[in-house]
Amino acid sequence: QVQLVESGGGLVQAGGSLRLSCSASGRTSGNYNMGWFRQAPGKEREFVARIRWADNSTYYGDSVKGRFTISRDNAQNTVYLQMNSLKPEDTAIYYCAAGPTVGPTSVRYDYWGQGTQVTVSS
């Protein structure tokens, strides 16, 4: 079992930055890939970024490329999402997720955090 707790959300003006953190605990959490998703009111959940356990390779959703950076601190079992140049459309609840690799490029996100609210004002 893996437990995920997000933090770092808040209110920021457009053009500003926030860094989200996701702390993972559990006996297998250190071997899991980590991802970030977000969901805005009235919209579908959207993939934001993921980082692989095996090689720390990263992948981003098109809407955040060049602005967001995912990273992890394996020693602390924490994944981060650095968000720069924030836009009002980035406003959403951001969720941390974790899961094993199930294929050459596939991750199964079995565990999810409670979410942290990010609000970007214009």
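In case you missed it, the structure is sitting above this.
Calculation rules
- The written sequence of each chain sets the order in which its residues are numbered from 1.
- In keeping with the predicted nature of the model, local features appear solely for residues at pLDDT of at least 70, side-chain atom pairs appear and are counted solely at 80 or more, and the whole-chain, interface and lining totals rest on all residues.
- Note that the side-chain values use all heavy atoms of the structure and ignore hydrogens as well as water.
- Note that a disulfide, as used here, is simply two cysteine sulfur atoms within 2.5 Å.
- Strands here mean DSSP runs of E at least two residues long; helices mean DSSP runs of H or I at least four residues long; both are numbered from the N terminus.
- For every residue, the accessible area (1.4 Å probe, protein chains only) is compared with the maximum for its type, and the residue is labelled buried under 20%, exposed over 50%, or partly exposed between those bounds.
- In these notes, a set of buried Ala, Val, Leu, Ile, Met, Phe, Trp, Tyr and Cys residues joined through side-chain atoms within 4.5 Å is what counts as a nonpolar core.
- We call two residues contacting when some pair of their heavy atoms lies within 4.5 Å.
- Any pair of nitrogen or oxygen atoms within 3.5 Å is treated as a polar contact; in protein, a donor-acceptor pairing is required on top of that, and neighbouring residues in sequence qualify only through side-chain atoms on both sides.
- Note on pairing: two strands pair once DSSP finds at least 2 bridges between them.

1. Section: the state of the cysteines
Then comes step 1: The tally for this structure, following the rule as stated, stands at one disulfide.
Then comes step 2: With a sulfur-sulfur separation of 2.0 Å, Cys-22 is cross-linked through a disulfide to Cys-96. Measuring the twist about the S-S bond at about -80°, one finds the Cys-22-Cys-96 disulfide to be left-handed. With Cys-22 in strand β3 (residues 18-25) and Cys-96 in strand β9 (residues 92-99), this pair connects stretches of sequence that are 74 residues apart.
Then comes step 3: The exposure class of Cys-96 is buried, given its relative accessible area of 0%.

2. As for the environment of Val-48
Then comes step 1: Structurally, Val-48 is set in strand β5 (residues 46-51).
Then comes step 2: C-alpha of Val-48 to C-alpha of Cys-96: the two residues are 48 residues apart in sequence and 9.9 Å apart in space.

3. Looking at the nonpolar core
Then comes step 1: Judged by nonpolar contacts, the single largest core of 29 residues is most densely connected at Leu-4, Met-34, Trp-36, Leu-81, Met-83 and Tyr-94.
Then comes step 2: Setting aside chain neighbours within four positions, we find Met-83 in contact with Gly-16, Ser-17, Leu-18, Leu-20, Arg-67, Phe-68, Tyr-94 and Val-118.

4. Things to note about the side chain of Arg-38
Then comes step 1: Examined against the element boundaries, Arg-38 turns out to sit in strand β4 (residues 33-39).
Then comes step 2: The buried category is assigned to Arg-38, whose relative accessible area is 5%.
Then comes step 3: Of note is the side chain of Arg-38, whose polar atom sits 3.1 Å from the side chain of Ser-63.
Then comes step 4: Only 2.9 Å separates the side chain of Arg-38 from the side chain of Asp-90, close enough to count as a polar contact.

5. Quick notes on the pairing of β3
Strand residues, when the strand is regular, have side chains that alternate between the two faces of the sheet.
Then comes step 1: As paired elements, strand β1 (residues 3-7) and β3 share five bridges and run antiparallel to each other. Bridge assignment links Ser-7 to a residue of β3, and that residue is Ser-21.
Then comes step 2: The sheet contact formed by β3 and strand β8 (residues 78-83) spans six bridges and is antiparallel. When the sheet's bridge partners are listed, Ser-21 is paired in β8 with Tyr-80.

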